[in-house]
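Spelled out from the first residue to the last, the chains are:
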Amino acid sequence: MNYRNIIAGKLAAYLNLDEDMINKLVEVPPKSDMGDFAFPCFQLSKTIKKSPNLIAIDIKENLGCIDGFEKIEALGPYINFFVSKGEFVKEVINKVLEEKDDYGHSNDGAGKNVIVEYCSANIAKPFHVGHLFTTMLGNSLYKIFKFQGYNAIGINHLGDWGTQFGKLIYAYIHWGDEEALEKEPIKEMFRVYVKFHEEAEKNPCLDDEGRRHFKLLEDGNPIEMELWSKFKELSLKEFDRLFKLLNVSFDSFDGESFYTDKMDTVIRELEDKELLTESNGAKVVFLDEENMPPCIIKKADGATIYATRDLAAVFYRKKTYDFYKNIYVVAKDQTLHFKQVFTTVKKMGYDWADDCIHVSFGLVRFPDKKLSTRKGNVVFLEDLLYEAISKTEEIINDKNPNLENKKEVAKKVGIGAVVFTYLKNSRERDIVFDWNEMLSFEGETGPYVQYTYARGKSILRKLGEGTDEVNYSKLLSNEEFELVKQLSKFNEVVKQALDKLQPSIITRYVIDISKAFNKFYTAINISNSHDEISRSSRLNLVKASLQVIKNGLSLIGLETVDEM
Ligand code: ARG
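Predicted model, so just to flag it, every value in this text is computed and none were measured.

Some words on the overall build of the protein chain
Along the protein chain, the regular secondary structure elements total 22 helices and twelve strands. The dimensions of the protein chain, computed from C-alpha atoms along their principal axes, are 80 × 65 × 40 Å. Counting only residues that meet the buried cut, the protein chain has 52% of its 564 residues in that class. For the protein chain, long-range pairs separated by at least 24 residues make up 73% of all intrachain contacts whose partners lie at least 6 apart in sequence. Total accessible area computed for the protein chain in this model is approximately 26,100 Å², and 47% of it derives from carbon and sulfur atoms. Where the 76 positive side-chain charges of the protein chain centre and where its 88 negative ones centre are 3 Å apart.

Quick word on the packing of aromatic side chains
For the coordinates displayed, the defined rule picks out 42 aromatic pairs. Between the aromatic rings of W161 and W228, the centroid separation amounts to 5.2 Å while the plane-to-plane angle is 90 degrees, which identifies the pairing as edge-to-face. Remark: W228 occurs in helix 11 (residues 222-246) and W161 occurs in the loop between strand 5 (151-155) and helix 7 (163-175); sequence separation between them is 67 residues. W228 shares its class with W161; the two are buried.

A word on the site of the ligand
Around the ligand, the structure places E117, S120, N122, H157, Y306, D310, Y328, V330, Q334 and F338. A distance of 2.7 Å separates a nitrogen atom of the ligand from a polar atom in the side chain of N122. Q334 places a polar side-chain atom, nitrogen or oxygen, 3.1 Å from an oxygen atom of the ligand. Surface burial for the ligand is 86%, taken as the share of its 350 Å² of free accessible area covered by protein chains. Per-class residue counts for the shell around the ligand are four nonpolar, four polar and two charged.

Quick look at helix 9 (residues 185-202)
In a regular helix each residue adds 1.5 Å, so 18 residues correspond to 26 Å; helix 9 covers 26 Å between its end C-alpha atoms and thus fits that length. Within the span of helix 9, buried status applies to P185, I186, E188, M189, F190, V192, Y193, V194, F196, H197 and A200. On its buried side, helix 9 packs onto helix 7, helix 8 (178-183), helix 10 (205-218) and helix 11.

Re the pattern of salt bridges
For the structure shown, the criterion picks out 39 salt bridges. Here E269 and K273 are joined by a salt bridge, their closest N and O atoms 2.7 Å apart. In this structure, K407 engages E393 in a salt bridge whose closest nitrogen and oxygen atoms are separated by 2.9 Å. Pair noted here: K407 is in helix 16 (residues 406-422) and E393 is in helix 15 (residues 381-399), with a separation of 14 residues, a long-range link. Residue E393 is classed as buried on the basis of its relative accessible area, which comes to 18%. A network of salt bridges, in which partner residues are shared, links K195, E199 and K202.

Some details on the sheet that holds strand 8 (residues 295-298)
For sheets, the rule is that strands pair by backbone hydrogen bonds, running either parallel or antiparallel. Within the open sheet, the three strands sit side by side as 6-7-8. Their pairing is antiparallel. The open sheet terminates on both sides in strands that have one partner only, identified here as strand 6 (276-279) and strand 8. Strand-to-strand, the axes of this sheet are offset by a mean angle of 45 degrees, without reference to chain direction. Pairing of strand 7 (residues 282-285) with strand 8, which is carried by three bridges, proceeds in the antiparallel orientation. Within the sheet, the bridge partner assigned to V284 lies in strand 8 and is I296.

Topic: the packing of helix 5 (residues 85-99) against helix 22 (residues 532-555)
The contact between helix 5 and helix 22 brings their axes to 9 Å, and the two run at 60 degrees. Looking at the two axes, helix 5 sits oblique to helix 22. You can see that helix 5 and helix 22 cross each other, and the crossing is left-handed. Each of I93, V96 and L97 in helix 5 lies in contact with helix 22, whose residues at this interface are N540, L541, K543, A544, Q547 and V548. Across the contact of helix 5 with helix 22, the residue classes tally to six nonpolar, two polar and one charged.

Digging into the state of the cysteines
What the rule picks out here adds up to zero disulfides. Among the cysteines around C65, which has no disulfide bond, C41 carries the closest sulfur, lying 19 Å off. Here C295 stays free of any disulfide, with the sulfur of C356 as its closest cysteine sulfur at 13 Å. Accessibility expressed as a relative area gives 1% for C295, which makes it buried.

Description of the side chain of E117
Its location among the elements puts E117 in strand 4 (residues 113-117). Assessed through its relative accessible area of 2%, E117 is described here as buried. Discounting residues that sit within four places of it in the chain, E117 has contacts with I155, H157, R317, I327, Y328, V329 and V330.

Regarding the sheet that holds strand 10 (residues 356-359)
Reading across from one edge, 5-4-9-10 is the order of the four strands in this open sheet, with parallel pairing throughout. The open sheet is flanked by strand 5 and strand 10, the only strands paired with a single partner. Ignoring which end each strand starts from, the neighbouring axes of this sheet average 20 degrees apart. Direction of pairing for strand 9 (residues 325-329) relative to strand 10: parallel, over a ladder of four bridges. In the sheet register, N326 faces strand 10, and the bridge partner there is C356. The sheet strands contacting helix 14 (residues 335-347) are strand 9 and strand 10, and the helix crosses strand 10 at an angle near 180 degrees.

Here we look at the pairing of strand 5
With respect to burial, strand 5 is a largely interior element, four of its five residues being buried. As paired elements, strand 4 and strand 5 share five bridges and run parallel to each other. What sits directly across from E117, in strand 5, is I155. A crossover connection joins strand 4 to the parallel strand 5 through helix 6 (residues 129-147); in handedness this β-α-β unit is right-handed.

Definitions and limits used
- Residues numbered from 1 in each chain as written.
- Predicted model: local features only at pLDDT ≥ 70, side-chain atom pairs only at ≥ 80, totals over all residues.
- Heavy atoms only, no water.
- Helix = DSSP H or I, 4+ residues; strand = E, 2+ residues; numbered from the N terminus.
- Buried < 20%, exposed > 50% of the residue type's maximum accessible area, 1.4 Å probe, protein only.
- Contact = heavy atoms within 4.5 Å.
- Areas by Shrake-Rupley, 256 points an atom, 1.4 Å probe, with all protein chains shown as cover.
- Lys, Arg positive; Asp, Glu negative; His and termini not counted.
- Charge placed at Lys NZ, Arg CZ, Asp CG, Glu CD.
- Phe/Tyr/Trp six-rings, centres within 6.5 Å; stacked < 30°, edge-to-face > 60°.
- Near = heavy atom within 4 Å.
- Polar contact = N/O pair within 3.5 Å; in protein donor to acceptor, adjacent residues only side chain to side chain.
- Nonpolar A, V, L, I, M, F, W, Y, C, P; charged D, E, K, R; others polar.
- Expected span 1.5 Å × (residues − 1).
- Salt bridge = Lys/Arg side-chain N within 4 Å of Asp/Glu carboxyl O.
- Pairing = 2+ DSSP bridges.
- Axes fitted to C-alpha atoms, helices over the stretch in contact; angles between N-to-C directions.
- Parallel < 35°, antiparallel > 145°, perpendicular 65-115°, else oblique.
- Left-handed = near helix turned anticlockwise from the far one by under 90°.
- Disulfide = S-S within 2.5 Å.
- Right-handed = clockwise from strand over helix to strand, strands pointing away.

Shown next, in the form of structure tokens:
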């Protein structure tokens, strides 16, 4: 039963208004004593020309009884609807237990292709803590779209082309160590790359050398090509290890180098459409009317750049995937770049430029460290994740020393704690790392939610799964009913997260369910239920709650553990 639709249907019929419009106005009040759903009459008073309070009374009088609701009341400018509790509880729990891992799913996106580009790391460089943001944010959006029936395509637009590879090649030829490269490829590539920048500070000619080697690479010179391929292969191998650890995957790794032979067509089209202008030797698209600096397409030396490759990529994506949305999960500091690229596409006459979206996010800070890649002063992501795992293991050793698969649990909980921290707040906000807060079993943390899940599992282990004989009208205490109400909201929450492209909405929701679950667990002694039927009904409520926590966590990229 879709209560919201029922309310909207009845109201629309009575008021003779559009049902979708009414549907959007239906609210869920913050407190249950104000009803389970409410309809505000402010908007209507503009057209009906009566006060909202009087409209509320009038509608209430005329609606009569509605199936599925036990009470309707007019309160001030609102009409409050109270669902028939027993029916409601039964329906929600049955639905969760029937649909299991699919609970919360919809087919809203059937037939629509959505590209989610995330991670997009630069090869030959270590992942730092900022990369985890795009990776986990994108991974979550990818899953959310899939869960709502879209055909999601996850792209890792690798940074595998550009002058920096000329620098790296020069540096490796001069200072590289083959053995070290085989052993710890990224560390070695990064070492010589950092050295290049140190040396270039003393001797600026090196920058020319870097450019020269990149030109040789672009021209397909065997030595440069071979080194570049090797760098790429070794990088991908290491990246893969990290993706496995994080449990993320991609459908495509077409990165910048993939577009090198696809830029000419775009440049020609820009010329044909008279959008390309010479400026100081470079070729640019002026965006003055849009109040933006020009988008540089070709540098004075003829080399193409980042934006050109992104232009080629956006056309390739449109042609290949005919996308409904093309989403880029990339840090805030590239906002202008994406605006320039999308605006250029629009100027070329393609309205689908509006379907390209830059999903940006804030900075990641450590209270005691500064981050800069060039100087080699960075927090490596892998180190950070292993630190989270080992710190979690210490906590588990302390709390539950006899736990069997400690290592596996510490991995899921430790990494989960980090990921949860990233996805907890609105993505534009900066993140300041705090180990104690992040790993705490209390408060709004990953371990808190995972611990709630494990606690539920232990109840089921202890008390058994209950029998099939249930009567959900026995679950009408405040704590039980509030928990069920939370569970019922899942699909709506997922849709909101999708609309706003904010996984944090789901993270917040799993926190709310965990809180409601713990209240229920504290208030009601399940094993002391006075009859078998109540006990089984409650055990089913436990099962349903765990299922929804699991589904929610999975959408933000966390796994559950049965014991911790
Ligand atoms: N590789 C780039 C970087 O690390 C990010 C790429 C973003 N995606 C894109 N299509 N431009 O800064």
